[in-house]
Amino acid sequence: MAQPDSKKIFFENLSGAGKAIAVLTSGGDAQGMNAAVRAVVRMGLYVGAKVYFIHEGYQGMVDGGENIREATWESVSSMLQVGGTVIGSARCKEFRTHEGRLKAAHNLVKRGITNLCVIGGDGSLTGANLFREEWSGLLGELVEQGLIEADAVQKYSALHIVGMVGSIDNDFCGTDMTIGTDSALHRIIEVVDAIMTTAQSHQRTFVLEVMGRHCGYLALVSALACGADWVLIPEMPPEDGWEEKMCQKLSATRSRGTRLNIIIVAEGALDRHGKPITSSFVKENRAGMKRLNIIIVAEGAIDHNNKPITTDYIKNLVVKCLGFDTRVTILGHVQRGGTPSAFDRILASRMGVEAVLALLETTANTPACVVSLCGNQSVRLPLMECVQMTQEVQKAMDEKRFEEAVKLRGRSFENNLKTYKLLAHRKPESELPTSNFNVAVLNVGAPAAGMNAAVRSAVRVGISEGHKMFAVSDGFEGFYKGQIKEIKWADVGGWTGQGGSLLGTKRTLPAKHVDKIADQMRKHNINALLVIGGFEAFESLLQLYEARATYEEFCIPMCMLPGTISNNVPGTDLSIGADTALNAIVETCDRIKQSASGTKRRVFIIETMGGYCGYLASVGGLAAGADAAYIYEEPFDIRDLQANVEHLTEKMKTSIQRGLVLRNENCNDNYTTDFIYQLYSEEGRGVFDCRKNVLGHMQQGGAPSPFDRNFGTKISAKAMQWISKKLVETFRQGRVFANTEDTCCLLGMRRRALVFQPVVQLKEDTDFVHRIPKEQWWLKLRPLMKILAKYKTSYDVSDSGQLEHVVRNRPRESDASVAM
């Protein structure tokens, strides 16, 4: 299956000849900044532009000299996996003055730089936009002072700015995710997972303070990803009396046998009176808890009166009211450190390339823009619209318009908050609706990290909707054998961080046992089905849909959630488990490449899983900085292999000492991993030696990544709400009867949104022989990997981001918030 033809050949349409681009990182550092710098440098050089580093942010621009240096291809080698920013970042008071900006303009003009790529937060980007607006005036002053020639004003008449947001707080409006956020979540979840083991041993409560002085994103998503008992964030200060409610919640959790409680607190948390919620307060009020609770507090959490809520306050509260053994952990700058995650490397690489495209397409009238992520798509938004929206959020919080602040944060933040409220706080039995519907949930196919988070979410949302939830063990094999039992709220406690499939999963398809499965559905009165799995789950739903003609038991709402590391399910850009597998691949590639550090030149051949789907090899290659990735979807022959060897040979003759080649396990029957290894070894003799590694099932194991925990949790909650809606719609004359296409759906991420799609309509989009979709979005990322590895290739820019406007998500009357 060949890659789609490019609609635009890059060299013919967007030449960068004669242009100079400078890249700087400003403000705080964030993991993934180096990947963005690398992408800007290499994409800029690829199109023929001169590219410069500006070291130490705006301070380096003001000081000039050696702080502004021309970049080479090799100068960004081996930085993809490095955290922080290797070109440095510094806060610069001088740049805030007119005199400082005048010096900066002079330093740029001396080098002919009129294109700036700024990686930083809203303050850095606002400063860049002011610099752009003043540019012509600054040049006029430089001419008057005799520092530049008069013709320079015309030659360098406009300064073009493109921003990328690098911030672990994810506090910038207009983008679903900022560079560094996912890596920070990795650090937090690693700590939480480690704490949970010791906390369970001693039946303790843990209060965790995470960063987020003004934004509670890290605290909120961490709480979702670890199943925290309570979370305190700046955007949603707790109502008066929250202390008693929290202690009641923790006590009730312990009484059901839970040994652990977690409370997460944002560092700036306040109560509704503006009083800090500190760990000391919690300690004094703790007198009666039992074994283990975890509370996560965002560092900026406040109550509704702008009073800070600190970890000490919470600790003292828990000790005084419940008597639980309570500990406080303040994560601090560990959240900023470490290796960037696969997600951040891919995001930063995509954004860096998009930033260069945007700079090359700018005109004198083009406003400064910021490259953002919406769903799974890159977009360009006017920089100042995003800055103004971000400032509106803080203004709304200062004025205690908290519901509006949540709306202004964007749909991603709002959906996270709604999902957390839905899952974390169990209503009393007397307050639950009684639907009298039975819903079964099962896993089908190979295990994927994040499946357990999806099951937990489904069970708890289903119970909240008034349904009786049933768990099916071992997929459809367990279904026809009657391995079905009711599953309760407490049964899924602690599931979010567990890898694999706790329900058990098999590849068995239902067609051969459809009569026995129908009997079991009748026996347990199953009214709806939620299936979580990979390609086998997709095939299973198609078989059950066709079985409706014979068995009325299958005339019920059925929904599938894609869960497979291969990411080969039609109808979705992303699948639960794929991000965890990518991180496993990237971490292993980092270690393998490091093993060659200080040795002679070496090329590694790495085999990944994925069946016939090249997602893991391609996207993993982009994240790991691979030189090539062989996949089934893009046929190759011996001439391609020879060209790759020659390419690596040329690179190895320079300063590059390590090469990385990924191969999808089923990319070609004849060009096996052993064949490619032997070919590279022979042809590279005298220049480099070669090693091979088959990653195997380690890609399926391990704890799920924060992304997979969050993704599985949110789409499962959405699926259960869809099921509830369909159950009501199809309930007629005392029974559920659903036989239309739109009652048997797959819920997938398509570009910018989660979409329910009838599985029967996805058949035409599917290559059933090779178990892959006929069209796959990530194939458009393959040229990026090649470009960043110094291959000459065509690049399709037809789908690149176009300048859009910020969508203002204002609150509606029906969107009443739920008390925490």
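Residues numbered from 1 in each chain as written. Predicted model: local features only at pLDDT ≥ 70, side-chain atom pairs only at ≥ 80, totals over all residues. Heavy atoms only, no water.

**Brief notes about the overall build of the chain**
Part 1: Scanning the chain from N- to C-terminus turns up 25 helices and 31 strands.
Part 2: Computed over C-alpha atoms, the radius of gyration of the chain comes to 27 Å, within 12% of the 28 Å expected from 2.2 N^0.38 for 820 residues, which places it in the range of a compact globule.
Part 3: Judged by the C-alpha coordinates and their principal axes, the chain covers about 85 × 70 × 50 Å.
Part 4: For the chain, contacts bridging at least 24 residues in sequence account for 83% of all contacts bridging at least 6.
Part 5: For the chain, the exposed area adds up to about 29700 Å²; of that, 47% sits on carbon and sulfur atoms.
Part 6: Across the chain, the centroid of the 95 positively charged side chains sits 4 Å from that of the 92 negatively charged ones. (Helix = DSSP H or I, 4+ residues; strand = E, 2+ residues; numbered from the N terminus. Rg over C-alpha atoms; globule rule 2.2 N^0.38 Å. Contact = heavy atoms within 4.5 Å. Areas by Shrake-Rupley, 256 points an atom, 1.4 Å probe, with all protein chains shown as cover. Lys, Arg positive; Asp, Glu negative; His and termini not counted. Charge placed at Lys NZ, Arg CZ, Asp CG, Glu CD.)

**Let's talk about the domain arrangement of the chain**
Part 1: Assigned domains of the chain: these are domain 1 (14-178 + 340-395), domain 2 (181-336), domain 3 (431-563 + 704-768) and domain 4 (578-700).
Part 2: Facing the 15 residues of domain 1 at the interface are 14 residues of domain 2.
Part 3: For the domain 1 and domain 2 pair, buried surface summed over both sides reaches about 1300 Å², with 46% attributable to carbon and sulfur atoms.
Part 4: Among the residues domain 1 hides against domain 2, the three largest losses belong to Gln 31, Ile 168 and Asp 169. Together they make up 43% of the total.
Part 5: Here domain 1 and domain 2 share 0 salt bridges between them.
Part 6: Where domain 1 packs against domain 2, one counts 9 residue pairs in polar contact (both at pLDDT 80 or more).
Part 7: Across the side of domain 1 that touches domain 2, the residue classes break down as 4 nonpolar, 7 polar and 4 charged. (Domains from an automatic or database assignment. Buried area = accessible area lost by both parts, 1.4 Å probe. Salt bridge = Lys/Arg side-chain N within 4 Å of Asp/Glu carboxyl O. Polar contact = N/O pair within 3.5 Å; in protein donor to acceptor, adjacent residues only side chain to side chain. Nonpolar A, V, L, I, M, F, W, Y, C, P; charged D, E, K, R; others polar.)

**Things to note about the nonpolar core**
Part 1: If you look at the biggest cluster of nonpolar residues, it comprises 189 residues, and the most contacted ones within it are Met 164 and Leu 530.
Part 2: When residues in this core are grouped by element, the largest group, 13 residues, is from helix H12 (residues 342-361).
Part 3: Residues contacting Leu 530, with those up to four places away along its chain left out, are Ala 440, Val 441, Leu 442, Ala 458, Cys 559, Leu 561, Ser 716, Ala 719, Met 720 and Ile 723.
Part 4: In terms of nonpolar packing, the next biggest core, distinct from the first, is built from 49 residues, Ile 148, Leu 159, Ala 368 and Val 806 among them. (Core = buried A, V, L, I, M, F, W, Y, C linked by side-chain atoms within 4.5 Å. Buried < 20%, exposed > 50% of the residue type's maximum accessible area, 1.4 Å probe, protein only.)

**Points about the pattern of salt bridges**
Part 1: For the coordinates displayed, the defined rule picks out 35 salt bridges.
Part 2: Measuring nitrogen to oxygen at the nearest pair gives 2.6 Å for the salt bridge that ties Arg 401 to Glu 404.
Part 3: Looking at Arg 401, the relative accessible area reads 28%, which means it is partly exposed.
Part 4: Here Glu 404 falls in the buried class, since its relative accessible area comes to 18%.
Part 5: Its salt-bridge partner being Glu 607, residue Arg 663 comes within 3.5 Å of it at the nearest N-O pair. With Arg 663 in strand S24 (residues 658-664) and Glu 607 in strand S22 (residues 602-608), this pair connects stretches of sequence that are 56 residues apart.
Part 6: Judged by its relative accessible area of 3%, Arg 663 is buried.

**Things to note about the packing of aromatic side chains**
Part 1: Summed over the entire model, instances satisfying the criterion amount to 17 aromatic pairs.
Part 2: Look at Tyr 58 and Phe 95: their rings are 4.1 Å apart centre to centre, the planes differ by 15 degrees, and that puts the pair in the stacked class. Here the residue Tyr 58 occupies a position in helix H3 (residues 57-63), and Phe 95 occupies one in the loop between strand S3 (68-70) and helix H4 (98-110), the gap between them amounting to 37 residues. The pair Tyr 58 / Phe 95 is uniform in exposure class, with both members buried.
Part 3: Ring centres of Phe 636 and Tyr 671 lie 5.7 Å apart, and the angle between their planes is 35 degrees; on these two criteria the pair is classed as tilted. Here Phe 636, found in the loop between strand S23 (628-630) and helix H22 (638-652), pairs with Tyr 671, found in the loop between S24 and helix H23 (673-683); they are 35 residues apart in sequence, far enough to count as distant. (Phe/Tyr/Trp six-rings, centres within 6.5 Å; stacked < 30°, edge-to-face > 60°.)

**Some points on the side chain of Thr 673**
Part 1: Following the sequence through the fold, Thr 673 ends up in helix H23.
Part 2: With near-sequence residues (within four places) excluded, Thr 673 lies in contact with Ile 605, Glu 607 and Arg 663.

**Thoughts on unusual backbone geometry**
Part 1: With phi around 65 degrees, Lys 400 is a residue other than glycine that occupies positive phi space.
Part 2: Summarising the element assignment, Lys 400 is placed in the loop between helix H13 (383-398) and helix H14 (402-409).

**Quick notes on the environment of Leu 561**
Part 1: Note that Leu 561 resides in strand S21 (residues 558-562).
Part 2: For Leu 561, a relative accessible area of 0% gives the class buried.
Part 3: Here the alpha-carbon distance between Leu 561 and Leu 530, two residues 31 residues apart in the chain, equals 7.6 Å.
Part 4: Those residues within four positions of Leu 561 in sequence are excluded, and the remaining contacts are Ala 454, Leu 530, Val 531, Ile 532, Gly 533, Ile 715, Ser 716, Ala 719 and Leu 747.

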